[in-house]
Amino acid sequence: MRCQGTVMRACGGFYCVLTESGFLTCKPRGRLRLVKDEILVGDKVEVSIVDADTGIIENVLERKTVLSRPRIANVDLAVVVVAARRPDPSTFLIDRYLALIAHSGLDAILCINKADLATDSEIQSLSEIYTTAGYDVVVTAAIYGRGIDELRQRLSSVTSVLAGPSGVGKSVLFRSLCPDAETEIGEVSRKTGRGRHTTRHAQLFRMEGGGLVADSPGFSYLRLDDISPSDLRLLYREFRYYMQNCRFNSCLHRAEPDCAVKEAVSSGHIHPERYENYLKLLSEIESLD
Ligand code: ZN
């Protein structure tokens, strides 16, 4: 009998696959072993069921997205995590993450963590920049469990990764989303007879209420090498609505005349900080050529 499932983790030649009826420890069919990276965490696979606990991976279904660092397939959404304070949030860094995430074909939301360290109006003004740009913003204080249900709800039907600079509380956030992660690894290790943490690769975990989350931070590589100046324009989601009215199709929204994006900045429809960061990212990309 065959079924479909998702590869949750790889461990010493075995793959742990989540199916409708639970976890199966799987080996790939011979031909799938020959090609490096043929099976990635996050892959949707077709499995022949051998018994209640084991199976054989027969096929890997087509991937929607592939992240490079860490290698995970079919991630739908990245949560950009920043701290309200300690470290102070940088909109330039947030915009860099958002551009890289959009370039990888993923949706994004912003999570402002450590909300207990800042005032409501500080959080509000950061939040407004991104809600104006069309992003969902969730405010959390993970160590107190605040906002976790709301975040979990946003992630309940997708596969997601947490991204963001160090020190913002990504690992506390991950443990709050998936409190059973440690236990789950223990159970799988017992079944396969392998020790814990024998893998350095990313792993996916189920959240209570649905959704899968990776335990390793995504987008650790922040260089913009693969993005061209004309790509960048399209990665700013709030620009797209206006740019069709720019005089030139090739408008980079910098010094060109009759630029609808610049007009939207002047009239307050595009946040000036987003636009300033765009210009900085644009210069950085041009200097890479
Ligand atoms: Zn323009």
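Presented here is an overview of the structure given in this document.

## Quick notes on the sheet that holds strand S9 (residues 107-113)
Then comes step 1: Strand order across the open sheet formed by six strands is S10-S9-S8-S11-S13-S12, with mixed pairing between neighbours. If you trace the sheet from one side to the other, it starts and ends with strand S10 (137-139) and strand S12 (204-206), each paired once. Averaged over all neighbouring strand pairs, the angle between strand axes comes to 30 degrees, with direction disregarded.
Then comes step 2: Helix H1 (residues 91-103) contacts strand S8 (77-83), S9 and strand S11 (159-163) of the sheet and is inclined by roughly 175 degrees relative to S8.

## Things to note about the coordination of the zinc ion
Then comes step 1: Taken together, the protein ligands of the zinc ion are Cys-246 (SG), Cys-251 (SG), His-253 (ND1) and Cys-259 (SG), with distances of 2.1 to 2.4 Å.
Then comes step 2: Coordination at the zinc ion is tetrahedral, judged from the four donor atoms that bind it and the angles of 105 to 117 degrees they form at the metal.
Then comes step 3: Summarised as a motif, the one-chain spacing of the donors to the zinc ion is C-x4-C-x1-H-x5-C. In terms of burial, Cys-251 and Cys-259 fall into one category: buried.

## Considerations on the nonpolar core
Then comes step 1: Grouped together as the largest cluster of nonpolar side chains are 60 residues, with contacts concentrated most on Tyr-130, Phe-219, Leu-232 and Val-261.
Then comes step 2: Ile-109, Phe-174, Cys-178 and Ala-181 belong to the second largest nonpolar core, which has 23 residues in total.

## Points about the pattern of salt bridges
Then comes step 1: Scanning all chains against the criterion turns up 16 salt bridges.
Then comes step 2: One salt bridge in this structure joins Asp-107 and Arg-237, with 2.9 Å as the shortest N-O distance. Residue Asp-107 is located in strand S9, and its partner Arg-237 is located in the loop between helix H6 (229-235) and helix H7 (240-243); the two are separated by 130 residues in the primary sequence.
Then comes step 3: Accessibility expressed as a relative area gives 38% for Asp-107, which makes it partly exposed.
Then comes step 4: In this structure Arg-237 comes out as partly exposed when scored by relative accessible area, which is 28%.
Then comes step 5: Between Glu-238 and Arg-274 there is a salt bridge whose closest N-O contact spans 2.7 Å. Here the residue Glu-238 occupies a position in the loop between H6 and H7, and Arg-274 occupies one in helix H9 (residues 272-288), the gap between them amounting to 36 residues.

## Examining H1
Then comes step 1: The first and last C-alpha atoms of H1 sit 18 Å apart over 13 residues, in line with the 18 Å expected at 1.5 Å per residue.
Then comes step 2: Listing the buried residues of H1 in full gives Thr-91, Ile-94, Asp-95, Arg-96, Tyr-97, Leu-98, Ala-99, Leu-100 and Ile-101.
Then comes step 3: Each element contacted by the buried residues of H1 is listed here: S8, S9, helix H2 (120-132), S11, H6 and H9.

Cut-offs used in this document
- Residues numbered from 1 in each chain as written.
- Predicted model: local features only at pLDDT ≥ 70, side-chain atom pairs only at ≥ 80, totals over all residues.
- Heavy atoms only, no water.
- Pairing = 2+ DSSP bridges.
- Helix = DSSP H or I, 4+ residues; strand = E, 2+ residues; numbered from the N terminus.
- Axes fitted to C-alpha atoms, helices over the stretch in contact; angles between N-to-C directions.
- Contact = heavy atoms within 4.5 Å.
- Donors = N, O, S within 2.8 Å, 3.2 Å for Na, K, Ca; no water.
- Tetrahedral: all angles 85-135°; square planar, octahedral: opposite > 155°, others 65-115°.
- Buried < 20%, exposed > 50% of the residue type's maximum accessible area, 1.4 Å probe, protein only.
- Core = buried A, V, L, I, M, F, W, Y, C linked by side-chain atoms within 4.5 Å.
- Salt bridge = Lys/Arg side-chain N within 4 Å of Asp/Glu carboxyl O.
- Expected span 1.5 Å × (residues − 1).

Read these as layout, nothing more, since geometry by itself doesn't imply function.
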